[in-house]
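Observations on the model geometry
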Amino acid sequence: MELYYTIAILDRNKADEYLKICSELQLSAILGNLGFGTATLEHLLLYDLQKTEKAVINTVVSKDSLENLLRLSKIRLMIDVPGNGIIVSIPIKSVSGGKALSYITEGQNLGGGKPDMNFNNEMIIVILNEGYSDAIMDAARSVGATGGTVLHAKGTIKNEKFHGVSLADEKDMIYILAKSEKKSEIMQAITKNCGTGTEAGAICFSLPVSEVVGLRSFDVSAEAEGEEK
């Protein structure tokens, strides 16, 4: 059985169309969040832009449903064109019982097989004190990260601290999609500059991404060969 947790990060004006696609595919477990892009103030001023408002839509899909979700998103949202958003899929290892499985996959053909565990990309998730997202992204960009999406959150454990990080304060979460070979360097830069013990109080971890669309990638060696020719 192949199941994936998908995260779609889109401009908010595209969220309704994506939700229509999910409805057509009978995806029943859908969660939505509001977020913001992390373009630097310098770039926003340079191009006379506003900070982009994002919709972050999460759902659980089978292998067949994932293929159809990506296909329809490419056709109707042009999601495979960089700048129109991204969709990432994260393999699910286990589900807490038959009823839970039935709830999150109702109407989908589950099939057999298991996810491919060879990953070229990873999703770095950073949890930090509210208001320090720019500092996190500065640290991440210094070692090659290209961008991220900020979500607002709140801790649920009151009057507790973990290594100086208050767990009940207002929080931000940042999703950063990175190549697997860059993941450790980005996480180390965030921890060094903005980790526990700093005002940002950031902690981070990563999840493997089995498939991604909408991310611009370059084959440096191929480009170099093309220039030589």
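See the structure above.
Nothing here was measured: the structure is a model prediction, and the numbers come from that model.

**Regarding the environment of T6**
- Its location among the elements puts T6 in strand 1 (residues 3-11).
- For the pair T6 and I30, spaced 24 residues apart in sequence, the C-alpha to C-alpha distance is 9.8 Å.
- Here T6 is in contact with Y18, I57, N58, T59, V61, L66, L69, V88 and S89, once residues within four sequence places are set aside.

**A short note on the side chain of S89**
- Among the secondary structure elements, S89 is positioned in strand 4 (residues 86-91).
- With relative accessibility at 1%, the residue S89 sits in the buried group.
- When neighbours within four sequence positions are excluded, S89 is seen to be in contact with Y4, Y5, T6, L66, P208, V209, S210 and E211.

**What about the pattern of salt bridges?**
- Tallied over the entire structure, the rule returns four salt bridges.
- The partner of D11 in a salt bridge is K54, and the shortest N-O contact between them spans 2.7 Å. Of the two residues, D11 sits in strand 1 while K54 sits in strand 3 (residues 53-62), which places them 43 residues apart along the sequence.
- A salt bridge links E24 to R76; its shortest N-O distance comes to 2.9 Å. With a gap of 52 residues between them, E24 in helix 1 (residues 15-24) and R76 in helix 3 (residues 63-77) connect regions that are remote in the sequence.
- Relative accessible area serves as the criterion here: at 48%, E24 is assigned to the partly exposed category.
- The network of salt bridges with common partners includes E17, E24 and R76.

**A short note on the nonpolar core**
- Ranked by size, the top nonpolar core spans 21 residues in total, and within it I124, V126, I136, I174, I176, I186 and I190 carry the most contacts.
- Listed by contribution, the elements that provide at least two residues to this core are strand 5 (121-129), helix 5 (133-141), strand 9 (170-179) and helix 6 (180-194).
- It is helix 6 that provides the largest number of residues to this core, a total of five residues.
- V126 has contacts with I136, D172, M173, I174, I176, I190, A202, I203 and C204, leaving out every residue within four places of it along the chain.
- In terms of nonpolar packing, the next biggest core, distinct from the first, is built from 20 residues, I21, C22, I57 and I79 among them.

**Considering the pairing of strand 3**
- Within strand 3, nine of the 10 residues are buried, which leaves the element mostly enclosed by the surrounding structure.
- In this sheet, strand 3 lies alongside strand 1 in antiparallel orientation, the contact comprising nine bridges. Note that in strand 3 the partner of I7 across the bridge is N58.

Conventions used here
Residues numbered from 1 in each chain as written. Predicted model: local features only at pLDDT ≥ 70, side-chain atom pairs only at ≥ 80, totals over all residues. Heavy atoms only, no water. Helix = DSSP H or I, 4+ residues; strand = E, 2+ residues; numbered from the N terminus. Contact = heavy atoms within 4.5 Å. Buried < 20%, exposed > 50% of the residue type's maximum accessible area, 1.4 Å probe, protein only. Salt bridge = Lys/Arg side-chain N within 4 Å of Asp/Glu carboxyl O. Core = buried A, V, L, I, M, F, W, Y, C linked by side-chain atoms within 4.5 Å. Pairing = 2+ DSSP bridges.

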